[in-house]
Amino acid sequence: MDNRDAIGSWLSGPGAAAEQMGVEFGYRGQRLGLPEQGPGSIATIGRRVVAIFIDWFLCLVIAYGLIAHRDAARSNTWTLVVFGVVSLLTLATVGSTPGKRIMGLRVVRLDGGRLGPLAVVVRTVLLLLVLPAVIWDRDTRGLHDKAAKSVQVRI
């Protein structure tokens, strides 16, 4: 084995090394019984990041203009509160936040149904903590989605 191969497998992680040895992991969402592409497939990281930026911007505008009365220092704290409230209300009622809807995404239970109130609260609280949302599995489900037994899919 060439040293470059050893270093490359170490840097790429165990998944890449296993794939080089012939292990087939399948596509994202295959283990969950979701289609590979199209409606119902797992949302891509790019769409999810854009959706959260849209939601954050909308919440920032609401906090800055309506709650903090154009005080930038106070609006930062209020933005997080507004983001949490918007996430709770919209996920519990329509299954997607405004940003997710614009990007063509929704959050569903693993069986495809709507999230219950407790799952929405758990998911939102963990999302507000940020760290659980940036740690994900090979299906790109964050810890906040795993705890709520949910998945973000394309509409």
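Scroll up to find the structure this text is about.
Quantities reported herein were computed from a predicted structural model and do not represent experimental measurements. (Residues numbered from 1 in each chain as written. Predicted model: local features only at pLDDT ≥ 70, side-chain atom pairs only at ≥ 80, totals over all residues. Heavy atoms only, no water.)

1. Remarks on the overall build of the protein chain
We count it as follows: Strands here mean DSSP runs of E at least two residues long; helices mean DSSP runs of H or I at least four residues long; both are numbered from the N terminus. Partly exposed describes any residue whose relative accessible area lies between the buried limit of under 20% and the exposed limit of over 50%, with all areas from a 1.4 Å probe on protein chains only and scaled to the type maximum. Whether two residues are in contact is decided by their heavy atoms: any pair within 4.5 Å suffices.
Of the regular secondary structure elements, the protein chain holds 8 helices and 2 strands. Start at the N end of the protein chain and walk to the C end: the helices and strands fall as α-α-α-α-α-β-α-α-α-β. Counting every position in the protein chain, which comprises 155 residues, the buried fraction comes to 34%. A sequence separation of at least 24 residues applies to 59% of the contacts in the protein chain between residues at least 6 apart.

2. Observations concerning helix α6 (residues 117-128)
So the rule is basically this: Helices are assigned an expected span. That span is 1.5 Å times one less than the residue count. What the arc measures is the spread of directions leading from the helix axis to the C-beta atoms.
Here α6 contains 12 residues, and its C-alpha end-to-end distance of 17 Å stays within 8% of the 16 Å for a straight helix at 1.5 Å per residue. Residues Ala119, Val120, Arg123, Thr124 and Leu127 constitute the buried set of α6. Projected down its long axis, α6 carries its buried residues within an arc of 125°, all on one side. Those residues of α6 that are exposed and angled more than 90 degrees off the buried face are Pro117 and Leu118. With its phi angle positive at about 70°, Val130 sits one or two positions after the end of α6.

3. Quick notes on the side chain of Asp145
Note the threshold: Two N or O atoms form a polar contact when they lie within 3.5 Å of each other; inside protein one atom must be a possible hydrogen donor and the other a possible acceptor, and for residues adjacent in sequence the pair counts only when both atoms belong to side chains.
Residue placement: Asp145 occurs in helix α8 (residues 143-147). Side-chain polar atoms of Asp145 contact the side chain of Arg123, separated by 2.6 Å. In this view, Asp145 contacts Val107, Arg123, Ser150 and Gln152; residues no more than four positions away in its chain are not counted.

4. Describing the pairing of strand β2 (residues 150-154)
Cut-off, in case you're wondering: The criterion for strand pairing is that DSSP finds at least two bridges linking the strands in question.
Summarising burial for β2: 4 of the 5 residues are buried, a large majority. Two elements, strand β1 (residues 105-109) and β2, share 5 bridges in a ladder whose sense is antiparallel. When the sheet's bridge partners are listed, Val108 is paired in β2 with Val151.

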